[in-house]
Amino acid sequence: PVGPIEGSDLPDFSTAAYKDAYSRINAIVIEGEQEAHDNYMSLGTLLPDQAEELARLARMELKHMKGFTACGNNLGVTADMPFAQEFFSPLRNNFQAALQEGKVVTCLLIQALLIEAFAISAYHIYIPVADPFARKITEGVVKDEYTHLNYGQEWLKAHLEESRAELEQANRDNLPHVRRMLDRVAADAAVLHMEKEDLIEDFLIAYQDALTDIGFTPREIARMAAAALVG
Ligand code: DDQ
Ligand code: DDQ
Ligand code: DDQ
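A few points on the structure. As the structure is a computational prediction, the values presented were derived from the model and not from experiment. (Residues numbered from 1 in each chain as written. Chains lettered and ligands numbered in written order. Predicted model: local features only at pLDDT ≥ 70, side-chain atom pairs only at ≥ 80, totals over all residues. Heavy atoms only, no water.)

1. A short note on the site of ligand 1
Next, step 1: Around ligand 1 there are 13 residues in total, and Y22, N26, V29, Y126 and V185 lie nearest to it.
Next, step 2: At 2.8 Å, a side-chain N or O of N26 approaches an oxygen atom of ligand 1.
Next, step 3: Every element with two or more residues in the shell around ligand 1 is listed here: α1 (16–46), α2 (51–75), α5 (104–126) and α7 (160–191). (Near = heavy atom within 4 Å. Polar contact = N/O pair within 3.5 Å; in protein donor to acceptor, adjacent residues only side chain to side chain. Helix = DSSP H or I, 4+ residues; strand = E, 2+ residues; numbered from the N terminus.)

2. Observations regarding the site of ligand 2
Next, step 1: Lining the immediate environment of ligand 2, one finds 14 residues, of which E33, E61, Q111, E116 and Y123 sit closest.
Next, step 2: One nitrogen or oxygen atom from the side chain of Q111 is found 2.9 Å from an oxygen atom belonging to ligand 2.
Next, step 3: About the coverage of ligand 2: the protein hides 97% of its 430 Å² of free accessible area.
Next, step 4: Listing elements by their share of the shell around ligand 2, those giving two or more residues are α1 and α5.
Next, step 5: Counting residues per element, the shell around ligand 2 draws most heavily on α5, which supplies six residues.
Next, step 6: Residue composition of the shell around ligand 2, by class: eight nonpolar, two polar and four charged. (Areas by Shrake-Rupley, 256 points an atom, 1.4 Å probe, with all protein chains shown as cover. Nonpolar A, V, L, I, M, F, W, Y, C, P; charged D, E, K, R; others polar.)

3. As for the pattern of salt bridges
Next, step 1: Throughout the structure, instances matching the rule amount to 13 salt bridges.
Next, step 2: Between R24 and D20 there is a salt bridge; the shortest N-O distance is 2.9 Å. On the criterion of helical spacing, the pair formed by R24 and D20 is a turn pair, its members being four residues apart in helix α1.
Next, step 3: By relative accessible area, R24 is classed as buried at 17%.
Next, step 4: For D20, a relative accessible area of 41% translates into the label partly exposed.
Next, step 5: For the salt bridge of D144 with K63, the shortest nitrogen-to-oxygen distance reads 3.2 Å. Taken as a pair, D144 in helix α6 (residues 132–158) and K63 in helix α2 lie far apart in primary sequence, 81 residues in all. (Salt bridge = Lys/Arg side-chain N within 4 Å of Asp/Glu carboxyl O. Buried < 20%, exposed > 50% of the residue type's maximum accessible area, 1.4 Å probe, protein only.)

4. Some words on α5
Next, step 1: A rise of 1.5 Å per residue sets the reference length of α5, with its 23 residues, at 33 Å; its end C-alpha atoms lie 31 Å apart and thus fit the reference within 8%.
Next, step 2: Its maximal kink placed at E116, α5 deviates by approximately 30°. (Expected span 1.5 Å × (residues − 1). Bend = angle between axes of the 7 residues up to and from the residue.)

5. Concerning the packing of aromatic side chains
Next, step 1: Here the structure, examined in full by the defined rule, presents seven aromatic pairs.
Next, step 2: Their ring planes at 55° and their centres at 5.3 Å tell us that F68 and Y123 sit as a pair that is tilted. Of this pair, F68 sits in helix α2 while Y123 sits in helix α5, placing them 55 residues apart in sequence. You'll find F68 and Y123 in the same group, each marked buried.
Next, step 3: By way of ring pairs, the aromatic residues F13, Y18 and Y22 are connected into one cluster. (Phe/Tyr/Trp six-rings, centres within 6.5 Å; stacked < 30°, edge-to-face > 60°.)

Rendered as structure tokens:
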């Protein structure tokens, strides 16, 4: 399908239906940025020599959280935080369990690959259909987020051989959650003029690019993507 054409495909930002859907989508990104902050701080305890760099990333996520909070205020929408906290619980629980066991590779797959790849693709799809205020904020966030994906990628690339089995297992345990999470908010995303097929396509491209860069072959990546269909 043809992507949105500048200026001709914008939703009406003032309707009750738009604001209702926005209250959940906005809460997801606010909660997601907050949890990313917490996750990068926690990763610093497993990787003490990286703690300073991770703390820098974490501070950036808090800045993003404040920016997205301002977007809701600008439209007069109250973010539905209880929904978002529950929405993230499967990935949060898996991250916390891995953290307790000292599993750096699993933590990085969840935060630095899956969530980051999903967020970057969703932010890209949102920008052309955003209100002018939120568009500016989201463009700034996207610029920062690229550095995070690269951080996780670089670490996993440098440790691929000893991480391969854990990465494949972590993918199998978490990719199905990503798919279910997307299913849960697809209708709200559509109200914001973000189409589910575009979200899936761009996510899979970003995730595949990350896995390719880390060193997986096309066949291995296909097998990993298939986990989303059966999980
Ligand atoms: N906003 O909070 C200003 C509305 C930004 C939303 C960016 C789009 C993120 C979508 C997240 C999940 C949708 C499936
Ligand atoms: N951050 O991790 C990129 C910093 C924030 C993530 C914001 C939330 C995006 C939605 C993720 C939903 C499903 C995996
Ligand atoms: N379905 O949900 C449309 C039924 C099938 C989606 C299968 C594609 C896998 C994508 C997994 C990642 C979702 C962000």
